[in-house]
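What the coordinates show
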Amino acid sequence: MRKQWHRLLEQCGITKRRLYCTRHTFASMMLSYGGNLLHTSATLGHNNAQITLSAYAAYIPNPQASFAPLENISLGAYQ
């Protein structure tokens, strides 16, 4: 599966990385753009939100700060 993954990344012009890294990208982006902590935690399969919070607290925006809605995330070639 690794070969197919790396081939797909190359075709998309994305820097080579492990498939597992996409999990961290998903979590950090979800929380950065205001995604729900409990939903993100459940999606990652964590037993409780504290696990997610301890790993990704830095990505949770200040509630006083404004942030772009999820539909404004740049997906590069996929838009």
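Before reading on, note that the structure itself is shown above.
Below is a short write-up of the structure. (Residues numbered from 1 in each chain as written. Predicted model: local features only at pLDDT ≥ 70, side-chain atom pairs only at ≥ 80, totals over all residues. Heavy atoms only, no water.)

Regarding the overall build of the chain
So the rule is basically this: Comment: elements are numbered from the N terminus, with helices defined as DSSP H or I runs of at least four residues and strands as E runs of at least two. When accessible area is computed with a 1.4 Å probe and restricted to protein chains, residues below 20% of their type maximum are described as buried, those above 50% as exposed, and intermediate ones as partly exposed. Contact definition: two residues touch when any of their heavy atoms are within 4.5 Å. Each accessible area is a Shrake-Rupley estimate made with a 1.4 Å probe; only the visible protein chains count as cover when residues are assessed.
Of regular secondary structure, the chain possesses four helices and zero strands. Written out in order from the N terminus, the α and β elements of the chain read α-α-α-α. Looking at the 79 residues of the chain, the share that counts as buried comes to 18%. Long-range contacts, defined here as pairs at least 24 residues apart, represent 34% of the contacts in the chain between residues at least 6 apart. Taken as a whole, the chain presents about 6,100 Å² of accessible surface, with 56% of it coming from carbon and sulfur.

A word on the packing of helix 2 (residues 21-32) against helix 3 (residues 37-44)
Basically, it comes down to this: Each axis is a line fitted through C-alpha atoms, and for a helix only the stretch in contact is used; angles between axes span 0 to 180 degrees, taken between their N-to-C directions. Throughout, the term roughly parallel applies to angles under 35 degrees, roughly antiparallel to angles over 145, roughly perpendicular to angles from 65 to 115, and oblique to all others. Three residue categories are used. Nonpolar comprises Ala, Val, Leu, Ile, Met, Phe, Trp, Tyr, Cys and Pro, charged comprises Asp, Glu, Lys and Arg, and polar comprises the others, including Gly.
The geometry of helix 2 relative to helix 3 is characterised by a closest axis approach of 10 Å and an angle of 170° between their N-to-C directions. Of the possible angle classes, the one that applies to helix 2 and helix 3 is roughly antiparallel. Every residue of helix 3 that contacts helix 2 at Arg23, Phe26, Ala27, Met30 and Leu31 is listed here: Leu37, His39, Thr40, Thr43 and Leu44. Counted by class, the contact of helix 2 with helix 3 contains six nonpolar, three polar and one charged residues.

Regarding the packing of aromatic side chains
Note the following rule: Ring pairs shown here join Phe, Tyr and Trp side chains whose ring centres sit within 6.5 Å, with only the six-membered ring taken for Trp; geometry is labelled stacked below 30 degrees between planes, edge-to-face above 60, and tilted in between.
Throughout the structure, instances matching the rule amount to one aromatic pair. With a centroid separation of 6.2 Å and an interplanar angle of 50°, the aromatic rings of Tyr56 and Tyr59 are classed as tilted.

Examining helix 2
Formally: The length a helix should cover is 1.5 Å for every residue beyond the first. The directions from the helix axis to the C-beta atoms are what the arc is built from.
End to end, helix 2 covers 16 Å across 12 residues, agreeing with the expected 16 Å (1.5 Å per residue, within 8%). By the burial criterion, the buried members of helix 2 are Ala27, Ser28, Met30 and Leu31. Considered in projection along helix 2, the buried side chains sweep an arc of 165° and stay on one side of the axis. In the core, the buried residues of helix 2 are packed alongside helix 3 and helix 4 (49-56).

Looking at the environment of Trp5
With respect to the element layout, Trp5 can be found in helix 1 (residues 2-12). Through-space distance from the C-alpha of Trp5 to that of Lys16 is 8.9 Å; in sequence the pair is 11 residues apart. Not counting chain neighbours up to four residues away, the residues in contact with Trp5 comprise Arg17, Arg18, Leu19 and Thr22.

Topic: a positive patch on the surface
As a reminder of what qualifies: Note that patches include only residues with greater than 30% relative accessible area and no salt bridge, and the join distances are 9 Å for like charges and 5 Å for nonpolar side chains (Val, Leu, Ile, Met, Phe, Trp, Tyr). Any Lys or Arg side-chain nitrogen found within 4 Å of a carboxyl oxygen on Asp or Glu counts as a salt bridge. Under this rule, positive means Lys or Arg and negative means Asp or Glu; His and the chain ends count for nothing. Where a charge lies is defined by one atom per residue type, namely NZ (Lys), CZ (Arg), CG (Asp) and CD (Glu).
A grouping of Arg2, Lys3, Arg7 and Lys16 is seen on the molecular surface, where their side chains present a positively charged patch. Along the chain, Arg2 falls in helix 1. Assessed through its relative accessible area of 65%, Arg2 is described here as exposed.

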